[in-house]
Amino acid sequence: MRNLLLILVIFACICAAGCISDPYAEIDWPLTLVGADGNEKVMTVSEIASLPSVNGNGYAVSTVGIKYGPYNITGVPLIELLNQVGGVHEGQTVHVSAADGYLWVFSYEQLLGEDLLCLDANLKEMKNPATMTPILMYAADGAPYPYDDGGPLRVATMTAEPDVITEGSLWVKWVDRIEIHG
Ligand SMILES: Nc1nc2c(c(=O)[nH]1)N[C@H]1C(S)=C(S)[C@@H](COP(=O)(O)O)O[C@H]1N2
Ligand SMILES: [Mo]
């Protein structure tokens, strides 16, 4: 009897730990990835959060000059994520869209961190561009990215260096579909 109780307690602890360690398990937000061949793969936020992640600086400015950040952001590089549906190659484009109809198209070079605008603290274009990585962000400052800010999944331009400001229009909010074209 005592052993049974002990087993039950241990089991309950394992369950509780499992729930606490995955804050994404409850988020109902399917993301559809579409490969160049048209094949689709649907992923949950929890599955995305279990892929190898990167962490760095996130700081953006909107077209009207409002800055948001700096944040410490976590996510999966878009170029890595798209390996789930066959990968992206030179000459192809990546269409990222959201539930509200917003769409942003990235070139292959941009996914590698090239041809992206970066600004200094005075919003002047930087002469020596920072190291930039477009990611699918699911956490900011160590917590799941909130819906009101464009979560649970938002594109962000992550920079290795701090205090680099990137273009807000690329930071697609509420991402629910990513397609490879070409
Ligand atoms: N889904 C979605 N994402 C979006 C937009 C939008 O209208 N819909 N606007 C973009 C533009 S133009 C900017 S400047 C930023 C604004 O971010 P904010 O709403 O967090 O200030 O989000 C970008 N991402
Ligand atoms: Mo904008």
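In the annotation of an unreviewed UniProt entry, the entry for the chain reads Oxidoreductase molybdopterin-binding domain-containing protein, and the organism field reads Methanocorpusculum parvum.

Asker: An account of the confidence of the model for the chain is needed here, citing residue identities and associated values.
Answerer: In this model, the chain carries an average pLDDT of 93, and 89% of its residues clear a pLDDT of 70 or more. For the chain, the element scoring lowest by mean pLDDT is helix H1 (residues 2-21), at 61; strand E1 (residues 31-34) scores highest, at 99.

Asker: Got a sec to walk through the pairing of strand E5 (residues 93-98)? Specific residues and values, please.
Answerer: Of all six residues in E5, five are buried; the element is thus mostly enclosed. Bridge analysis of E5 against strand E6 (residues 103-107) gives five bridges, and the strand direction is antiparallel. Counterpart to His 95 in the pairing with E6 is Val 105. Pairing between E5 and strand E12 (residues 175-181): six bridges, direction antiparallel. Counted as the bridge partner of Val 94 is Ile 180 from E12.

Asker: Help me get a handle on the packing of aromatic side chains, residues and values and all.
Answerer: Under the criterion given, the structure shown has four aromatic pairs. Between Tyr 24 and Tyr 138 the ring centres are 5.3 Å apart and the planes differ by 85°, which places this aromatic pair in the edge-to-face class. Of this pair, Tyr 24 sits in the loop between H1 and E1 while Tyr 138 sits in strand E8 (residues 132-140), placing them 114 residues apart in sequence. Assessed through its relative accessible area of 10%, Tyr 24 is described here as buried. Here a set of aromatic residues connected by ring pairs shows up, and it is made of Trp 29, Tyr 147 and Trp 174.

The rules behind these values
- Residues numbered from 1 in each chain as written.
- Chains lettered and ligands numbered in written order.
- Predicted model: local features only at pLDDT ≥ 70, side-chain atom pairs only at ≥ 80, totals over all residues.
- Heavy atoms only, no water.
- pLDDT = per-residue confidence, 0-100.
- Helix = DSSP H or I, 4+ residues; strand = E, 2+ residues; numbered from the N terminus.
- Buried < 20%, exposed > 50% of the residue type's maximum accessible area, 1.4 Å probe, protein only.
- Pairing = 2+ DSSP bridges.
- Phe/Tyr/Trp six-rings, centres within 6.5 Å; stacked < 30°, edge-to-face > 60°.

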